[in-house]
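# Structural characterization, general
Take a look at the letters that make up each chain.
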Amino acid sequence: MHLLCIQVEDYCFECCVGVFCFMQLHGVRVQCINIGGGVGEIPDGKRLRIALQHIHGIGRSRARQILAELSIENKLARELTGREAYSLREELCRYMTGHDLHNQVTKDIARLMEIQSYRGIRHSQGLPCRGQRTHTNARTWKGKAVAIPGKKKA
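Conventions and cut-offs
Residues numbered from 1 in each chain as written. Predicted model: local features only at pLDDT ≥ 70, side-chain atom pairs only at ≥ 80, totals over all residues. Heavy atoms only, no water. 1 Å grid on protein atoms, 1.4 Å probe; cavity = no way out; pocket = protein on both sides within 12 Å on 5 of 7 lines; lining within 4 Å. Points joined across faces, edges and corners; volume = space filled by probe spheres on them. Salt bridge = Lys/Arg side-chain N within 4 Å of Asp/Glu carboxyl O. Buried < 20%, exposed > 50% of the residue type's maximum accessible area, 1.4 Å probe, protein only. Helix = DSSP H or I, 4+ residues; strand = E, 2+ residues; numbered from the N terminus. Expected span 1.5 Å × (residues − 1). Axes fitted to C-alpha atoms, helices over the stretch in contact; angles between N-to-C directions. Parallel < 35°, antiparallel > 145°, perpendicular 65-115°, else oblique. Contact = heavy atoms within 4.5 Å. Left-handed = near helix turned anticlockwise from the far one by under 90°. Nonpolar A, V, L, I, M, F, W, Y, C, P; charged D, E, K, R; others polar.

### With respect to the layout of surface pockets
Taken as a whole, the largest pocket encloses approximately 160 Å³ of empty space. Contributing to the lining of the largest pocket are Ile109, Arg119, His123, Pro128, Cys129, Arg130, Gln132 and Trp141.

Structure follows, in structure tokens:
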């Protein structure tokens, strides 16, 4: 088994043993399993169906579908065998997840803005794209409301 420990400071260190990673900060221990292949890490102490949802691009239905295809029971992530971890890694590589998915969405939005479609214009103006009401809502998109002097009639 490969053991790699990096001492950063007296109170912070990271340790990797095979596919398992442990990080300790000021006495708080964070454990995760590095799936590898650029997919990411899943929490160690959660069941697989929930742990897989921590990967960007994997939701409830996709996590259930992956576990059904691999015929892996919904056990704790730390109880995965090496063979199951390898097959899970191979299955997750079939889907666009993580950084690749984020880059693709960013490129799609940039293309919409470049061709000046309705959705692209709404993105560039910082307004909702899916037909939501903007007269009184959409504060997340539009920013904090600014009072206009003389607008309110007494």
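### Here we look at the pattern of salt bridges
Applying the stated rule across the entire model yields four salt bridges. Lys75 is the partner of Glu84 in a salt bridge, and the nearest nitrogen-oxygen pair spans 2.7 Å. With a relative accessible area of 12%, Lys75 lands in the buried category. Of the charged contacts in the structure, one is a salt bridge between Arg94 and Glu91, with a shortest N-O distance of 2.7 Å. A relative accessible area of 9% means that Glu91 is categorised as buried.

### Topic: helix α4 (residues 98-114)
The end-to-end C-alpha separation of α4 is 25 Å, in line with the 24 Å expected for 17 residues at 1.5 Å each. Residue Gln116 follows α4 closely and has a positive phi angle near 60°.

### Describing the packing of α4 against helix α5 (residues 118-125)
Taken N-terminus to C-terminus, the directions of α4 and α5 make an angle of 105°; their axes are 7 Å apart at the nearest point. Judged by the inter-axis angle, α4 sits roughly perpendicular to α5. Contacts between α4 and α5 involve Ile109, Leu112 and Met113 from the first element and Arg119, Gly120, His123 and Ser124 from the second.

### Describing the packing of helix α2 (residues 60-70) against helix α3 (residues 82-92)
Interhelical geometry of α2 versus α3 gives an angle of 125° and a closest axis separation of 11 Å. It follows from the interaxial angle that α2 and α3 lie oblique. As α2 packs across α3, the resulting crossing turns out to be right-handed. Judged by residue contacts, Ile66, Glu69 and Leu70 of α2 engage Ser87, Leu88, Glu91 and Leu92 from α3. In terms of residue class, the contact of α2 with α3 is built from four nonpolar, one polar and two charged.

### Digging into the environment of Cys129
Along the chain, Cys129 falls in the loop between α5 and α6 (139-142). For the pair formed by Cys129 and Tyr118, sequence separation is 11 residues and the distance between their alpha carbons is 7.9 Å.

### Description of unusual backbone geometry
In this structure, Gln116 takes a positive phi of about 60° despite not being glycine. Its location among the elements puts Gln116 in the loop between α4 and α5. Given a relative accessible area of 53%, Gln116 falls into the exposed group. Within the chain, Ala138 stands out as a residue other than glycine whose phi angle is a positive 70°. Inspection of the secondary structure assignment puts Ala138 in the loop between α5 and α6.

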